[in-house]
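Topology and contacts: notes
Residues per chain are reported as follows:
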Amino acid sequence: MSPRPHLGAAVNAYLGDRVGRWRTGSRSGQRFALGVLLGCVAVCFAISLYDYETMPLTTYFVWLLLGMLVLRFRPLVVLSAAASGAGVVAILVNGPTTPAQVSALVALAVSVALILLQSSRQRSGLPGLVSEAVLVDLRDRLQSQGTVPPLPAGWTAESAMIAAYGIDYAGDFLVAELSDDQRHLEMILVDVCGKGVGAGTQALQFAGALGGLLGALPPTALMSAANDFLLRTGDDETFATAVHVTVDLTTGAYGIVSAGHPPALRYDAAAGGWQVDHARGTALGIAHRPELVTTAGVLAPGEGLLFYTDGVIESRDADIDVGLDWLRRTADREVDPALGGGFGGLPARLLRQVTRGDDDRAVLVVSRSA
């Protein structure tokens, strides 16, 4: 048999291992990336010495930009010195310098200074592409915790979220848990103080803590533990509103515990409209013993619960009650059977009608089939 397939597999394994090391930001991965880029600079330098017009000074900018993306600060300093030195020597060897070459040298010096400045200010200590990969992984972890598991026949739970400024990192998050016997559904919707990336990092840490507590503690004890967690951060500006709901998927009985969250809505099939639940309470992370308000009820077939964060109903030029009335009217219209509505896809439909603002927005709906 030909050894080529084995050689190809070995090369792929070698390159895959080096790329994997680079993605971790390890020293060996950085040495490999630096070696590849220095090899490219050496090839360009050799060509520049032979024919400068084929490989002018501007070519070295490419390797500097690639280095900014894939190298940490110290390897980037080495690459910058090598590329700058090679470019200068190539110009000097090829005869007297022209005004255009002098301008290119000035641009190269400014570019190297800016690239090194940007790299030195990377607080993560990782190159740009690796830092972005870490952020994406954190975002995916936060979003995966809010995935509601498949529910037994007759029940549906859907959520939709939009981060402020159109980015993918938000302070609103959902954590859900379905018991092993698929009888009890437990969820908590949280709105961390702040918006966008700033609140997203706090939300990830808080979501991890709640994910370990959900299903292990009674609702009130869980809220108290979450409050203690925020107080231990020692940050006076770190607080959150939260609403916790448990649903017995056999009987339809539910319980709601609210900590400063906007009031939930319950769809009353007999009345044909959404009724305001009165669970409010005190936000978490403010007082050592927050006021937690609990309400309970039973969802009959064809009824549902609607939870949301304040970004859905608040605006700078209107009272919160105005926003709540708007949400009730809009939700009534969206579930009206006469208009072809229903609970399916309700969170996304509601968010599409919210006026774009500068706050994160989230909607959660739990419904029981008629």
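**A short note on the overall build of the protein**
Assigned secondary structure in the protein consists of ten helices and ten strands. When contacts within the protein are restricted to residue pairs at least 6 apart in sequence, long-range pairs at least 24 apart make up 68% of them. Counting only carbon and sulfur atoms, one obtains 59% of the accessible surface of the protein, whose full area is about 18800 Å².

**What to know about the sheet that holds strand S2 (residues 172–178)**
Strand order in the open sheet formed by five strands is S2-S3-S4-S5-S8, and the pairing between neighbours is antiparallel. Pairing within the sheet leaves two strands with one partner each, and these edge strands are S2 and strand S8 (293–298). Strand after strand, the sheet turns through a mean of 15° between neighbouring axes, direction not considered. The pairing of S2 with strand S3 (residues 184–192) spans seven bridges and is classified as antiparallel. Pairing of Asp172 across the sheet is with Asp191, part of S3.

**Things to note about a nonpolar patch on the surface**
On the surface, Val102, Val106, Val110, Leu114 and Leu117 cluster together to form a nonpolar patch covering roughly 430 Å² of accessible area. In this structure, Leu114 sits in helix H5 (residues 99–120). The class of Leu114 is exposed, set by a relative accessible area of 53%.

**Digging into the nonpolar core**
Judged by nonpolar contacts, the single largest core of 25 residues is most densely connected at Val41, Leu57, Tyr60, Leu71 and Leu79. Of all elements in the fold, only helix H2 (27–50), helix H3 (60–70), helix H4 (73–93) and H5 reach the threshold of two or more residues within this core. A total of six residues in this core trace back to one element, the largest contributor, which is H4. Discounting chain neighbours no more than four positions away, the residues touching Leu79 are Leu34, Leu37, Leu38, Val41, Trp63, Leu64, Gly67 and Leu71.

**Topic: the pattern of salt bridges**
Inspection of every chain in the model, using the stated rule, returns four salt bridges. Between Arg266 and Asp268 there is a salt bridge, with the nearest N and O atoms lying 4.0 Å from each other. Judged by its relative accessible area of 19%, Asp268 falls in the buried class. Arg349 is the salt-bridge partner of Glu334, the closest N and O atoms lying 2.6 Å from each other. Remark: Arg349 occurs in helix H10 (residues 346–352) and Glu334 occurs in helix H9 (residues 320–335); sequence separation between them is 15 residues.

**Section: the sheet that holds strand S6 (residues 265–268)**
Whenever strands of a sheet pair, they do so through backbone hydrogen bonds, lying parallel or antiparallel. An order of S1-S10-S9-S6-S7 is seen for the five strands of this open sheet, with the pairing classed as antiparallel. Edge positions in the sheet fall to strand S1 (155–162) and strand S7 (273–276), since each of these pairs with one other strand and no more. In this sheet, neighbouring strand axes are inclined to one another by 20° on average, regardless of whether the strands run parallel or antiparallel. In the packing of H9 onto the sheet, contacts are made with S6, S7 and strand S9 (304–308), and the angle to S7 comes to roughly 150°.

**A short note on the packing of aromatic side chains**
Counted according to the given criterion, the structure contains three aromatic pairs. Both rings, one in Tyr267 and one in Phe343, keep their centres 5.7 Å apart while their planes meet at 85°; by these two values the pair is edge-to-face. Taken as a pair, Tyr267 in strand S6 and Phe343 in the loop between H9 and H10 lie far apart in primary sequence, 76 residues in all. With respect to burial, Tyr267 and Phe343 carry one shared label: buried. Through successive ring pairs, a cluster of aromatic residues spans Tyr267, Trp274 and Phe343.

**Thoughts on the packing of H3 against H5**
Running from N to C, H3 and H5 cross one another at 5°; their axes reach a closest spacing of 10 Å. The angle between H3 and H5 places the two elements in the roughly parallel class. Contacts from Phe61, Leu64, Leu65 and Met68 of H3 reach H5 at Ala104, Ala107, Leu108, Ser111, Val112, Ile115 and Gln118. Partitioning the contact of H3 with H5 into residue classes produces nine nonpolar, two polar and no charged.

**Some details on the environment of Ile286**
Inspection of the secondary structure puts Ile286 in the loop between S7 and S8. What makes Ile286 exposed here is its relative accessible area of 54%. Distance from Ile286 to Thr238, taken between C-alpha atoms, is 8.4 Å for residues 48 residues apart in sequence. Among residues more than four places away in sequence, those in contact with Ile286 are Asn227, Leu231 and Phe239.

**A closer look at the side chain of Glu334**
A relative accessible area of 14% places Glu334 in the buried class. When neighbours within four sequence positions are excluded, Glu334 is seen to be in contact with Gly341, Gly342, Leu346, Arg349, Leu350 and Gln353.

**Some remarks on H4**
Taking 1.5 Å per residue as the helical rise, H4 with its 21 residues ought to reach 30 Å, and the 30 Å between its terminal C-alpha atoms agrees with that figure. Every buried residue of H4 is accounted for by Pro75, Leu76, Leu79, Ser80, Ala83, Ser84, Ala86, Gly87, Ala90 and Ile91. Projected down its long axis, H4 carries its buried residues within an arc of 160°, all on one side. Relative to its buried face, H4 has exposed residues pointing more than 90 degrees away, namely Arg74, Ala81, Leu92 and Val93. Summarising the contacts, the buried residues of H4 are in contact with H2, H3 and H5. Two residues or fewer past H4, Gly95 is found with a positive phi of approximately 100°.

What counts and how
Residues numbered from 1 in each chain as written. Predicted model: local features only at pLDDT ≥ 70, side-chain atom pairs only at ≥ 80, totals over all residues. Heavy atoms only, no water. Helix = DSSP H or I, 4+ residues; strand = E, 2+ residues; numbered from the N terminus. Contact = heavy atoms within 4.5 Å. Areas by Shrake-Rupley, 256 points an atom, 1.4 Å probe, with all protein chains shown as cover. Pairing = 2+ DSSP bridges. Axes fitted to C-alpha atoms, helices over the stretch in contact; angles between N-to-C directions. Patch = residues over 30% accessible without salt bridge, like charges linked within 9 Å, V, L, I, M, F, W, Y side chains within 5 Å. Salt bridge = Lys/Arg side-chain N within 4 Å of Asp/Glu carboxyl O. Buried < 20%, exposed > 50% of the residue type's maximum accessible area, 1.4 Å probe, protein only. Core = buried A, V, L, I, M, F, W, Y, C linked by side-chain atoms within 4.5 Å. Phe/Tyr/Trp six-rings, centres within 6.5 Å; stacked < 30°, edge-to-face > 60°. Parallel < 35°, antiparallel > 145°, perpendicular 65-115°, else oblique. Nonpolar A, V, L, I, M, F, W, Y, C, P; charged D, E, K, R; others polar. Expected span 1.5 Å × (residues − 1). Arc of directions from axis to C-beta.

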